[in-house]
Amino acid sequence: FSLERLQAAGTGPLYVKLRRTLEGAVRTGTLGHGDALPPERDIAELAAVSRVTVRRAIDELVADGLLVRRHGSGTFVAKPVSKVEQRLSQLTSFTEDMARRGMSSRSEWLHKGVHTPSPDEMMILGLGTDVKVSRLSRLRIADDQPLAIENASVSGEFLPDPSAVTNSLYAELERLQVRPVRAVQRISATNMKEADAQLLGVSAGAAGLSIERISYLGSGRAVEFTRSLYRGDAYDFVAELTIAV
Ligand code: 16G
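Residues numbered from 1 in each chain as written. Predicted model: local features only at pLDDT ≥ 70, side-chain atom pairs only at ≥ 80, totals over all residues. Heavy atoms only, no water.

The next point concerns the confidence of the model for the protein. With 96% of its residues at a pLDDT of 70 or more, the protein has an overall mean of 90. The ipTM, which scores confidence in the relative placement of chains, is 0.97 for this predicted complex, and the corresponding pTM is 0.76. (pLDDT = per-residue confidence, 0-100.)

With that settled, the discussion passes to the pattern of salt bridges. For the coordinates displayed, the defined rule picks out 18 salt bridges. A salt bridge links Arg-55 to Glu-40, with the shortest nitrogen-to-oxygen separation between them at 3.3 Å. Residue Arg-55 is located in helix α4 (residues 51–63), and its partner Glu-40 is located in helix α3 (residues 40–47); the two are separated by 15 residues in the primary sequence. A relative accessible area of 42% places Arg-55 in the partly exposed class. Across the pair Asp-233 and Arg-231 runs a salt bridge, and its minimum N-O distance is 3.0 Å. (Salt bridge = Lys/Arg side-chain N within 4 Å of Asp/Glu carboxyl O. Helix = DSSP H or I, 4+ residues; strand = E, 2+ residues; numbered from the N terminus. Buried < 20%, exposed > 50% of the residue type's maximum accessible area, 1.4 Å probe, protein only.)

Topologically, Thr-92 is positioned in the loop between β3 (84–87) and α5 (94–100). Sequence separation between Thr-92 and Tyr-170 is 78 residues, and the spatial gap between their C-alpha atoms is 8.4 Å. For Thr-92, the contacting residues outside a window of four places in its chain are Gln-86, Asp-97, Arg-100, Tyr-170, Arg-179 and Arg-213. (Contact = heavy atoms within 4.5 Å.)

Structure representation (structure tokens):
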């Protein structure tokens, strides 16, 4: 970030020149994906510009997705993401979806436990007053890239022991002979809150897809109520449409 580099970065306001210099450093590999940026005050000193100028250049690169700010640990060069395309017509599990693409998948568990259901869970899963609910929260990772945070609730009648789920929830439900055969899924847009963004390795406020899935057995009983947050930059949902008759 030397003064000479900045002067060579063409015309325009200082923050634009600094921005171009930083972009150049990423493009040429001087700054690698995942690398930490030096502290703002060091950049300001090296480039002989004010902290305000540095902040403005970095803010814009964060907004563009080239850099990521992680609370408490600094600013990093974002890792390039490969997008996952998911068809919207088949009821499949995350593990199966990734395996079909030749990707490995794993879960980082955030919580597994048996609880008294919330009013929402009671209503959606059709639970009686004395039935418990199994809750499973995890970060879903494909080929080492975090893709989604999933919070699943399953009736205690169908899944009494959530600790039995090691990786695939649907594989366990299949073993228990209560794998769902139909689901209704609702997708809406959201901006990620700081804590969620941090888990998913993106900046606070980044675009996310908030997804609710309620899945059912052939008998019509609801098995699963899952709320997920997918990375908007890493996931595309694709639906095939046919003409209405
Ligand atoms: C998918 C489902 C989720 C389900 C999970 C089971 C969406 C938005 N969500 O991620 O509802 O619980 O698959 O995956 O598609 P697993 O069997 O690999 O645990």
